[in-house]
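Structural overview
Chain by chain, the residues run as shown.
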Amino acid sequence: MLQFRLSGSGGQGLILAGIILAEAAIGDGKEAVQSQSYGPEARGGSSKSEVIISENPIHFPKVLGPDFLLAMTQEALNKYAGDLKPEGILVIDSTFVKEVPAIFTNVYSVPITKMAKDQLGRDLFANIIALGTVAKLTKVVAFEALEQAVLARVPKGTEEVNRKALRLGFDAV
C-alpha cells in the first residue's frame, strides 16, 4: 500500500490530479481511495488531495503518513510535510519552494510550473506534469494507465498538450 499527498494552493489542479491518479490505479487493476481538503479561500489557499493505492482492500481511507508528498508551494510544504515517512519521497516544485528542511533526505526538485509555462505556454498544465513525476518515481501505476486516466478527464481539444505534459513530468526525473 502506498499513500500519496499532493499539495499546493487552490487553483493548481491538485484535486483533479488526485482523482486522475486514483482512476489510473483502478484502471491498472488496483484498489484506490481519494480524498481532498482545501482552505476556504478556494483559490490561493492551501489544498491537498490524498490517494491510497493498494493491491489489497483498503480498510481505512485516510492518509496517516504519506509515502509520497508533492509540494507545489512553500506554504504547502510547511503545512503538510510533517508526517511524511522518513524514507518517503518528497517532490517539490522548485518554481515556488525555496527552503526544504534538512530532515528530508529523499527529495526531488523539479521546476514543474516553470516547465509548464516555458514548454507548454500555460501554468495550468503543472498538475499533469506533476503526475508524470509521480508515475516515474513510484511506478505505482503503469504510464499507459495514467495517460488513459488523464485523457479521460481533460477538456476535449487539450488531449495532446496534456499527453505532452505527462511525458514532460515523467522525463524530468
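Conventions used here
- Residues numbered from 1 in each chain as written.
- Predicted model: local features only at pLDDT ≥ 70, side-chain atom pairs only at ≥ 80, totals over all residues.
- Heavy atoms only, no water.
- Pairing = 2+ DSSP bridges.
- Helix = DSSP H or I, 4+ residues; strand = E, 2+ residues; numbered from the N terminus.
- Axes fitted to C-alpha atoms, helices over the stretch in contact; angles between N-to-C directions.
- Contact = heavy atoms within 4.5 Å.
- Parallel < 35°, antiparallel > 145°, perpendicular 65-115°, else oblique.
- Left-handed = near helix turned anticlockwise from the far one by under 90°.
- Nonpolar A, V, L, I, M, F, W, Y, C, P; charged D, E, K, R; others polar.
- Salt bridge = Lys/Arg side-chain N within 4 Å of Asp/Glu carboxyl O.
- Buried < 20%, exposed > 50% of the residue type's maximum accessible area, 1.4 Å probe, protein only.

Ordered in space as 2-3-1-4-5-6, the 6 strands form an open sheet in which the pairing is mixed. Whereas interior strands pair on both sides, the edge strands pair on one side only; in this sheet they are strand 2 (31–38) and strand 6 (107–110). Neighbour to neighbour, the strand axes of the sheet diverge by 15° on average, direction disregarded. Two elements, strand 1 (residues 2–9) and strand 4 (residues 68–71), share 4 bridges in a ladder whose sense is parallel. From the neighbouring strand, Phe 4 faces strand 4, where its bridge partner is Phe 68. Against the sheet, helix 3 (residues 112–120) contacts strand 4, strand 5 (89–93) and strand 6, and its axis sits at roughly 45° relative to strand 5.

Bringing the packing of helix 1 (residues 14–27) against helix 5 (residues 143–153) into the picture now. In helix packing, the relevant descriptors are the interaxial angle and the interaxial distance, both defined with respect to the helix axes. It is the contact of helix 1 with helix 5, at a shortest axis distance of 8 Å, that shows an interaxial angle of 130°. When the axes of helix 1 and helix 5 are compared, the pair comes out oblique. The chirality of how helix 1 crosses helix 5 is right-handed. Contact residues: Leu 16, Ile 19, Ile 20, Leu 21, Glu 23 and Ala 24 in helix 1; Ala 145, Leu 146, Ala 149, Val 150 and Arg 153 in helix 5. Classifying every residue of the contact of helix 1 with helix 5 by side-chain character gives 9 nonpolar, no polar and 2 charged.

Secondary-structure assignment places Ala 135 in helix 4 (residues 126–138). Separated by 48 residues in sequence, Ala 135 and Glu 87 place their C-alpha atoms 18 Å apart. Apart from residues lying up to four places away in sequence, Ala 135 is in contact with Leu 146 and Phe 170.

A separate point is the pattern of salt bridges. Going through the model one piece at a time under the given rule, you end up with 11 salt bridges. A salt bridge links Asp 83 to Arg 5; its shortest N-O distance comes to 2.6 Å. Separated by 78 residues along the polypeptide, Asp 83 in the loop between helix 2 (74–80) and strand 5 and Arg 5 in strand 1 bring together distant segments of the chain. As a salt-bridge pair, Glu 160 and Arg 163 come within 2.4 Å of each other at their nearest N and O atoms. On the criterion of helical spacing, the pair formed by Glu 160 and Arg 163 is a turn pair, its members being 3 residues apart in helix 6 (residues 159–171). In this structure Glu 160 comes out as exposed when scored by relative accessible area, which is 53%.

This brings us to the environment of Leu 69. Relative to the assigned elements, Leu 69 resides in strand 4. For the pair Leu 69 and Leu 90, spaced 21 residues apart in sequence, the C-alpha to C-alpha distance is 4.9 Å. For Leu 69, the residues in contact, after removing those within four places along its chain, are Arg 5, Ser 7, Leu 77, Tyr 80, Ala 81, Leu 84, Ile 89, Leu 90 and Val 91.

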